[in-house]
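Chains, contacts and geometry: an overview
What follows is the residue order along each chain.
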Number of protein chains: 2
Amino acid sequence: MKSPGHRDVQIDALRDAGDVRRRDVIAVEEPLEIRVMRDGLPEADENGGTGRSLSITMRTPGHDAELALGFLHGEGVIRAPRDVVDVGHCGTTCNVIRVTVRADLPLDLARLQRNFYTTSSCGVCGKTSIEAVMQQAPWPRIGGDLVIRESVLRALPDTLRGAQREFDQTGGMHAVGLFTATGTLVGAREDVGRHNAMDKLVGAALADGALPWAERIVLLSGRASFELLQKAMMAGAPVVAAIGAPSSLAVELAESAGITLVAFLRPGGCNVYGHPHRVLTTRTS
Amino acid sequence: MKSPGHRDVQIDALRDAGDVRRRDVIAVEEPLEIRVMRDGLPEADENGGTGRSLSITMRTPGHDAELALGFLHGEGVIRAPRDVVDVGHCGTTCNVIRVTVRADLPLDLARLQRNFYTTSSCGVCGKTSIEAVMQQAPWPRIGGDLVIRESVLRALPDTLRGAQREFDQTGGMHAVGLFTATGTLVGAREDVGRHNAMDKLVGAALADGALPWAERIVLLSGRASFELLQKAMMAGAPVVAAIGAPSSLAVELAESAGITLVAFLRPGGCNVYGHPHRVLTTRTS
């Protein structure tokens, strides 16, 4: 069975032991255009298609509907399965997906087509970005009761790694995993873009009616950026762990949103960047 | 001296040897809004500022003017130093930068505010993306005479690593390096976003009148995506090497543009994804 996530190309493998001309498996990257239209009100846009184009992302094909739903959830456009009437590829192409939302959904398309970080004054800063996303937060508070043992946390990267089938093939995919507080993997998505992997995971949960993630731990295969924390906050995740480093704005957003941010999660230990009460260590218990 | 690229925060470092509450250095991530205006024709925009907002990127502060110039070069807006009249931060904020271009520069701002991958039909695909960017190529052909010894290529990652001062501090920065064919590092930039690091390097070269990069090798600290290859192609680079994996669309663009794409550049060897004639191995010479 051929996965849409990877394909093979001819390469020259230069090695000390001798050069070989052979086939190599690479991660597929293709653009996906996300369009939105309101149910019962088809809007012809300037490109002659239907729906309004909101975003084009370079993604790995597969789980496109989930990606579109997760993206729209992250932007605060949709909040529950009932907001979505239909989602599917547009016409004969696999690289345009259209989400039809219910007729009475509040929808400020002009705002969405601008970047939401922009404010009405001539100014944009980290503080503005955090205030802007905090205003969108759909949950009254991030799950306060969840705790996770440090020993459980330490085991998550190996579990996620075992589920990274596309990475095994290509060596070039980000992954995002979703875990219970006892370390059971309940979902994982891979993509050339880490924000896409997160959108796919959120979109799947939204479609299943499984948001907010009040009892869930999110694990990122790479670094923790503002964008990923913002999407996790919109999904209501109380703990976000990353194998790589965090950025300053990711740390600030986690602090403001009440998210426990763990980074550099590696065999020798990990760092907790705020709200450490959710991590139970055997040494402190 | 305090770098704007990193700052420190309070963390809980959980280690087998014992937990410590201490300071940790993290990479700074802040939004930068890039605006463009035409010389002599200030345009008031809907936000009450001056210039048209083209993009907001989450970047590490520093080299912002280079970032803006490199971004505009990658989009095909500016091609030479003479296209730019002025570049500087807007008002009292460090997170808005405005580029003033010469009065008679062809400038399709409406096209730029849409995404350039979008075509006039209801369709977007990898082939469309490649055709769209190939039409923008400012150089008649990618430097055809450059060759690099495989032994020189193999040494580049260590050289770049030695120049990654922010990575040393934070463990969370991408880098892009520029080398001569004999392996001398002539420029490097770091950023939380790899596309920003590339834009900063291209912008510095543009300002110096050092484009195209016909005699240069570009090294990416991570993976090779379509976006990075597109920016390298606009800069005229004949060889792009990456320490990580390439994506399918990066391989296809390199093939179409005549770029030698090297990936998985590691101590044991490397893979060449098309146009291998520019890499001289001792085994084949």
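Residues numbered from 1 in each chain as written. Chains lettered and ligands numbered in written order. Predicted model: local features only at pLDDT ≥ 70, side-chain atom pairs only at ≥ 80, totals over all residues. Heavy atoms only, no water.

We now examine the overall build of chain A. Summing up its helical and strand segments, chain A has 8 helices and 14 strands in all. Counting across all 285 residues of chain A, residues that qualify as buried make up 60%. Residue pairs in contact within chain A that sit at least 24 positions apart in sequence constitute 54% of those at least 6 positions apart. Just so you have it, chain A exposes about 11000 Å², and 51% of that area is on carbon and sulfur atoms. (Helix = DSSP H or I, 4+ residues; strand = E, 2+ residues; numbered from the N terminus. Buried < 20%, exposed > 50% of the residue type's maximum accessible area, 1.4 Å probe, protein only. Contact = heavy atoms within 4.5 Å. Areas by Shrake-Rupley, 256 points an atom, 1.4 Å probe, with all protein chains shown as cover.)

Here we come to the pattern of salt bridges. Note on pairing: side chains with opposite charge can pair once their charged atoms come close. Using the criterion set out here, one finds 28 salt bridges over all chains in the structure. With a closest N to O distance of 2.9 Å, Arg102(B) and Asp83(B) form a salt bridge. Here Arg102(B) is found in the loop between strand S6 (96-101) and helix H2 (109-113), whereas its partner Asp83(B) is found in the loop between helix H1 (64-74) and strand S5 (84-89), with 19 residues between them in sequence. Judged by relative accessible area, Arg102(B) falls into the partly exposed class, the value being 22%. Asp83(B) sits in the buried class, given a relative accessible area of 3%. Each of Asp16(A), Glu150(B) and Arg154(B) takes part in salt bridges that share partners, so that together they form one network. (Salt bridge = Lys/Arg side-chain N within 4 Å of Asp/Glu carboxyl O.)

This next bit is on the side chain of Asp191(A). All names here are of chain A. Its place among the elements puts Asp-191 in strand S9 (residues 185-191). Asp-191 gets classed as buried once you look at its relative accessible area, which sits at 0%. In this structure the side chain of Asp-191 is engaged in a polar contact, spanning 3.2 Å, whose partner is the backbone nitrogen of Thr-60. Among residues more than four places away in sequence, those in contact with Asp-191 are Met-58, Arg-59, Thr-60, Met-173, His-174, Asn-196, Ala-197 and Lys-200. (Polar contact = N/O pair within 3.5 Å; in protein donor to acceptor, adjacent residues only side chain to side chain.)

Our focus in this paragraph is the sheet that holds strand S13 (residues 269-272) of chain B. If you walk across this open sheet you meet the 8 strands as S2(A)-S1(A)-S13(B)-S12(B)-S11(B)-S10(B)-S8(B)-S9(B), and the pairing is mixed. Two strands close off the open sheet at either side, each with one partner strand: strand S2 (20-27) of chain A together with strand S9 (185-191) of chain B. Neighbour-to-neighbour, the strand axes of this sheet turn through a mean angle of 25°, independent of strand direction. Here strand S10 (residues 216-220) of chain B pairs with strand S11 (residues 239-242) of chain B via 4 bridges, running parallel. From the neighbouring strand, Leu219(B) faces S11(B), where its bridge partner is Ala241(B). (Pairing = 2+ DSSP bridges. Axes fitted to C-alpha atoms, helices over the stretch in contact; angles between N-to-C directions.)

Turning our eyes to something else, we now look at the confidence of the model for chain A. Residue and element names in this part refer to chain A. Confidence in the prediction for chain A averages 88 pLDDT; 88% of positions are at 70 or higher. This model gives residues 115-123 a pLDDT under 50, and the stretch forms 26 contacts once residues within four places in sequence are excluded. Per the prediction output, this complex has pTM 0.91; the corresponding ipTM is 0.89. (pLDDT = per-residue confidence, 0-100.)

Residue and element names in this part refer to chain B. With respect to burial, strand S8 (residues 174-180) is a largely interior element, 7 of its 7 residues being buried. Pairing of S8 with S9 involves 6 bridges; the strand directions are antiparallel. In the strand pairing of S9, Gly-177 is matched with Ala-188. The turn linking S8 back onto S9 is made up of 4 residues, and Gly-183 within it adopts a positive phi angle of 90°. Of the pairings in the sheet, the one linking S8 to S10 comprises 5 bridges and is antiparallel in character. The residue bridging Gly-177 from the neighbouring strand is Leu-219, located in S10.

Backbone geometry follows two general trends: most residues other than glycine have a negative phi, and most peptide bonds adopt the trans configuration. Residues and elements named next belong to chain A. The omega torsion across Leu-211 and Pro-212 is 0°, close enough to zero to call that bond cis. Here Pro-212 is to be found in the loop between helix H6 (194-207) and strand S10 (216-220). At His-275, a residue that is not glycine, the phi angle is positive and equals roughly 50°. If you trace the backbone, His-275 turns up in the loop between strand S13 (269-272) and strand S14 (279-280).

A few words now on the packing of helix H3 (residues 126-136) of chain B against helix H8 (residues 248-257) of chain B. When two helices pack together, their arrangement is given by the angle between the helix axes and by the axis-to-axis distance. All names here are of chain B. Between H3 and H8, whose axes approach to 10 Å, the crossing angle comes to 40°. Relative to H8, the element H3 lies oblique. Of the two elements, H3 crosses H8, and the hand of that crossing is right-handed. Contact residues: H3 offers Gly-126, Ser-129, Ile-130, Val-133 and Met-134, while H8 offers Leu-249, Glu-252, Leu-253, Ser-256 and Ala-257. In terms of residue class, the contact of H3 with H8 is made up of 6 nonpolar, 3 polar and 1 charged. (Parallel < 35°, antiparallel > 145°, perpendicular 65-115°, else oblique. Left-handed = near helix turned anticlockwise from the far one by under 90°. Nonpolar A, V, L, I, M, F, W, Y, C, P; charged D, E, K, R; others polar.)

A few words on the sheet that holds S5(B). In any sheet, the strands associate via hydrogen bonds between backbone groups, in a parallel or an antiparallel arrangement. Residue and element names in this part refer to chain B. Spatially, 4 strands are ordered S4-S3-S6-S5 in an open sheet, and the strand pairing comes out mixed. Each of the sheet's edge strands pairs with one partner strand only, and the pair in question is strand S4 (52-59) and S5. In this sheet, adjacent strand axes meet at a mean angle of 20° when their direction is disregarded.

Glancing now at the packing of H6(A) against helix H7 (residues 226-234) of chain A. Residue and element names in this part refer to chain A. Closest axis-to-axis distance for the H6/H7 pair is 10 Å, and the angle between their directions is 5°. For the element pair H6 / H7, the angle class is roughly parallel. Here Arg-194, His-195, Met-198, Asp-199 and Val-202 of H6 lie close against H7, whose contacting residues are Glu-227, Leu-228, Lys-231 and Ala-232. Of the residues belonging to the contact of H6 with H7, the class tally is 4 nonpolar, 1 polar and 4 charged.

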